[in-house]
Amino acid sequence: MPRSQRHPRLCAGLALLLGTLMAVARVVASTPADVPAVLYAGLPGVADFAMSPDGRRAAGLLRDGTGYVIAVFDLDAPSRPPALFQARDVGVEWLAWKGSGLLLAGLSARIEDGGLGLRAARVVALGPDGQLRRELPAPRDREWLLQRVELVDVLPADPGHVLLALTSADRGRPRVYRVDVASGKRRLVQGTHPGVATWLADGAGRVRVGHGIHAAGVSRRTFVRDPDGGAFRLLSEDPLTAGRVFTPVAFEGDDPDVLLVRSNHEGTTGLYRYDLGARRFREVLFRDSVVDIGRVVTDGSARHVLGVEYDRDLRRSHWFDPRAAALANRLRSESGADDVRLVAVADDLRRVIAYVASTDRPGRYVVAGPGEPLRELARDYPALDRLALAAVRPVAFRARDGLEIPGYLTLPPGTGSRPARPLSAVVLPHGGPESRDVAEFAPLVQLLASRGYAVLQVNFRGSAGYGAAFEQAGRREWGGAMQDDVTDGTRWLINEGIADPQRLCIVGWSYGGYAALMGLVREPALYRCAASIAGISDLRRLARANSMSYLSGQVTAARIGSPWRDGPQLAAASPLQRAGAITAPVLLVHGDRDRVVAVDHSRSMERALTAAGRPVTYLEIPGGNHALADKGHRRQLFETLDRFLREHLGAGG
């Protein structure tokens, strides 16, 4: 059957992409403000890549309509189109190669059963031609629904087996099996253990470390056992509320006694060698004094750690392997990109797939190796490639109590480092709040900058990534010091002559939506409008919902407050109870399938604002999840937000 008949959705998507690129060609000569908002509303065209150990093949997730298709590339034949496998109506959680001839894909789907959402998980094995070979492990009669299947180890020295951790509905904790990749047969090698959610094997394929959360003690625990087996013993335990990080990453090579660990015992989170026998840190491999490390970069077998990434002002990398450092430097030089990430690595670094991007240029996935030229595999946002885009630059300011608050400023394309006169501006607090913004290409930020707005992203106290002390400074400060940091950033923007004080709007998603609403409550004269996307409006409701889970209730009480002990304070810090204090126009956007922040937060807020006679625009998106991770949903959001800001801030500039 012709490929076009086997994959009609992909062909339709390519046709849509061609139409979009033609639209870009028509508008690229115009000012950025003339570019339709829909062009910024696309989702990333690529989600993941994995490289075969010999470097001959790569597998990636390419967007196909509303989902992704698994594409298998023959890297030795660049002109050959990729083989495709469409996993219908399921999500692809991970990709990994078993040897160089078998691709494993972890799949998941959500099943609605009488209003109860269940998660189903499976692993499929695909050939280099993208064709389904078998399901792993082989299904068993009367087996309860598998909720999660994780790859523990590809066992590179054993060509016939892998280690998979299976979590079933009846047990709730993962058990590890040695699975035959040819037959699908399994053998139990590690049963469940109280408090263990993830398992780690050493270089010999022995399950040695378990890590997870112990609900009864509301603590994070790590267990270890000796190479020759025996019982697991407690290695580390820390209360969840303490902010301590001790996370096993990998065993170092074939050494059974040295564990690589992420830890913040010296302030920020770094990567350390930990001596299991002596139960002590042997040495630090890398730690930055200002920010936590991010991704730990390994080869495909996870046996060798090549380096770490971290986000300070821009994304940076620290390489332990000089070959990886040389290759990254070459990619940066040849691509002209600021951000270079090695996302998939063959054995001995004979080939790599890298993500290369700049803050004003969408990302591309390229393949390269020693002695061979760089070539492109896929692009994240091809519809935006020819547009005039804006650069993101790091900034910092002092909060009212003297704490330095980092952030990022994006000015309209062509503005330079400072505008000639104050601009309309959008303050964009991030979600989480235990998250952070980084200097990266972001379509929403680019949309706002294209309209002539200055955009300020604030990493207020409570944000992750700047060490435990900075994150814990935001505990129980919803609507308090965290909100003050956003306000102080807005005033800094005015005092620097960047923002026109009469043309400011605050926009946010999730916690950022809460901060947008509280910005109008706390500072009615500062902002001209606000937009809350999937935002929280009632802290008492949030705390009550989380208190139904013992574990989540304890964490929420520490971070936000208790619905029973702190009711008045939570009410005072809730936009829903303060709707009468809001005078500026509000836009509320929410998907009705949001399982992170219930849609009732926005429904109730819309009713409260209407009852108080306040101007409110409400958009509820049927089928929309928390991320609005569907192009149609994202288009509704971007077009509605664009109209709202044009109405209340003008055309920008």
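Of regular secondary structure, the chain possesses 12 helices and 35 strands. Rg of the C-alpha trace for the chain: 25 Å, near the compact-globule value of 26 Å for 653 residues, within the 12% margin. When the backbone C-alpha atoms are referred to their principal axes, the chain occupies close to 65 × 60 × 50 Å. In the chain, which comprises 653 residues, the proportion classed as buried is 55%. Partitioning the contacts of the chain with sequence separation of at least 6, the portion at a separation of at least 24 is 54%. Separation between the mean location of the 84 positive side-chain charges and that of the 72 negative ones in the chain comes to 2 Å.

The next point concerns helix H3 (residues 322-335). If you check H3, its first and last C-alpha atoms are 20 Å apart, about what 14 residues at 1.5 Å a residue would give, namely 20 Å. Along H3, the residues that are buried comprise Ala324, Ala325, Leu327, Ala328, Leu331 and Ser335. For H3, the angular spread of buried residues about the axis comes to 165°, placing them on one side. Away from its buried face, by an angle of more than 90 degrees, H3 presents the exposed residues Pro322 and Ser333. Close packing links the buried residues of H3 with strand S22 (305-311), strand S23 (315-319), strand S24 (339-345), strand S25 (352-358), strand S26 (361-369) and strand S27 (372-379). Its side-chain oxygen 2.8 Å from the backbone nitrogen of arginine 323, aspartate 321 forms the N-cap of H3. Immediately beyond the C-terminal end of H3, within one or two residues, lies glycine 336, with a positive phi of roughly 70°.

Moving on: the state of the cysteines. All told, the structure shown has 1 disulfide when counted by the stated rule. The disulfide that involves cysteine 505 links it to cysteine 529, with 2.4 Å between the sulfurs. Every disulfide takes its handedness from the sign of the S-S torsion; for cysteine 505 and cysteine 529 that torsion is -130°, giving left-handed. Of the two residues, cysteine 505 is situated in strand S32 (residues 499-509) and cysteine 529 in strand S33 (residues 529-533); the sequence distance between them amounts to 24 residues. Each member of the pair cysteine 505 and cysteine 529 is classed as buried.

Strand order across the open sheet formed by 4 strands is S24-S25-S26-S27, with antiparallel pairing between neighbours. Where the open sheet ends on each side, the last strands, each with one partner, are S24 and S27. Each neighbouring strand pair of the sheet contributes to a mean axis angle of 30°, computed without reference to strand direction. Sheet analysis places S24 next to S25, joined by 6 bridges and oriented antiparallel. Within S25, the residue paired with valine 340 across the bridge is valine 356. Contacting S24, S25, S26 and S27, H3 runs over the sheet at an angle of about 130° to S26.

Right, let's get into the pairing of strand S3 (residues 67-74). Most of S3 sits inside the fold, with 7 of its 8 residues counted as buried. The sheet contact formed by strand S2 (residues 57-64) and S3 spans 8 bridges and is antiparallel. When the sheet's bridge partners are listed, alanine 59 is paired in S3 with valine 72. Bridge count between S3 and strand S4 (residues 83-85): 3 bridges; the pairing is antiparallel. Bridge assignment links valine 72 to a residue of S4, and that residue is alanine 83.

Once that is clear, we can look at the packing of aromatic side chains. A full pass over the atoms with the stated rule returns 16 aromatic pairs. Ring geometry for phenylalanine 49 versus tyrosine 365: centroids 5.2 Å apart, planes at 50°, classification tilted. Remark: tyrosine 365 occurs in strand S26 and phenylalanine 49 occurs in strand S1 (residues 46-51); sequence separation between them is 316 residues. Each member of the pair, phenylalanine 49 together with tyrosine 365, is buried. A ring pair is formed by tryptophan 478 and tyrosine 511, whose centres lie 4.7 Å apart and whose planes are at 80°; its orientation type is edge-to-face.

The contact between helix H4 (residues 443-450) and helix H12 (residues 631-649) brings their axes to 11 Å, and the two run at 30°. Between H4 and H12, the angle is such that the two are roughly parallel. Helix-helix and strand crossings are classified by hand; for H4 and H12 the assignment is right-handed. Of the residues in H12, those touching H4 at Pro443, Leu444, Leu447 and Leu448 are Phe638, Leu641 and Leu645. Residues of the contact of H4 with H12, tallied by class, amount to 7 nonpolar, no polar and no charged.

If you check helix H7 (residues 511-522), its first and last C-alpha atoms are 16 Å apart, about what 12 residues at 1.5 Å a residue would give, namely 16 Å. Here H7 lies mainly inside the structure; 11 of its 12 residues are buried. Considered for burial, the residues of H7 that qualify are Tyr511, Gly512, Gly513, Tyr514, Ala515, Ala516, Leu517, Met518, Gly519, Leu520 and Val521.

The next subject is the packing of helix H6 (residues 481-495) against H7. Following both chains from N to C, one finds H6 and H7 inclined at 75°, their axes separated by 10 Å at the closest point. Overall, the two elements H6 and H7 adopt an arrangement that is roughly perpendicular. Contacts between H6 and H7 involve Met482, Gln483 and Asp484 on the former and, on the latter, Tyr511, Tyr514, Ala515, Met518, Gly519 and Arg522. The class makeup of the residues in the contact of H6 with H7 is 5 nonpolar, 2 polar and 2 charged.

The rules behind the values
- Residues numbered from 1 in each chain as written.
- Predicted model: local features only at pLDDT ≥ 70, side-chain atom pairs only at ≥ 80, totals over all residues.
- Heavy atoms only, no water.
- Helix = DSSP H or I, 4+ residues; strand = E, 2+ residues; numbered from the N terminus.
- Rg over C-alpha atoms; globule rule 2.2 N^0.38 Å.
- Buried < 20%, exposed > 50% of the residue type's maximum accessible area, 1.4 Å probe, protein only.
- Contact = heavy atoms within 4.5 Å.
- Lys, Arg positive; Asp, Glu negative; His and termini not counted.
- Charge placed at Lys NZ, Arg CZ, Asp CG, Glu CD.
- Expected span 1.5 Å × (residues − 1).
- Arc of directions from axis to C-beta.
- Polar contact = N/O pair within 3.5 Å; in protein donor to acceptor, adjacent residues only side chain to side chain.
- Disulfide = S-S within 2.5 Å.
- Pairing = 2+ DSSP bridges.
- Axes fitted to C-alpha atoms, helices over the stretch in contact; angles between N-to-C directions.
- Phe/Tyr/Trp six-rings, centres within 6.5 Å; stacked < 30°, edge-to-face > 60°.
- Parallel < 35°, antiparallel > 145°, perpendicular 65-115°, else oblique.
- Left-handed = near helix turned anticlockwise from the far one by under 90°.
- Nonpolar A, V, L, I, M, F, W, Y, C, P; charged D, E, K, R; others polar.

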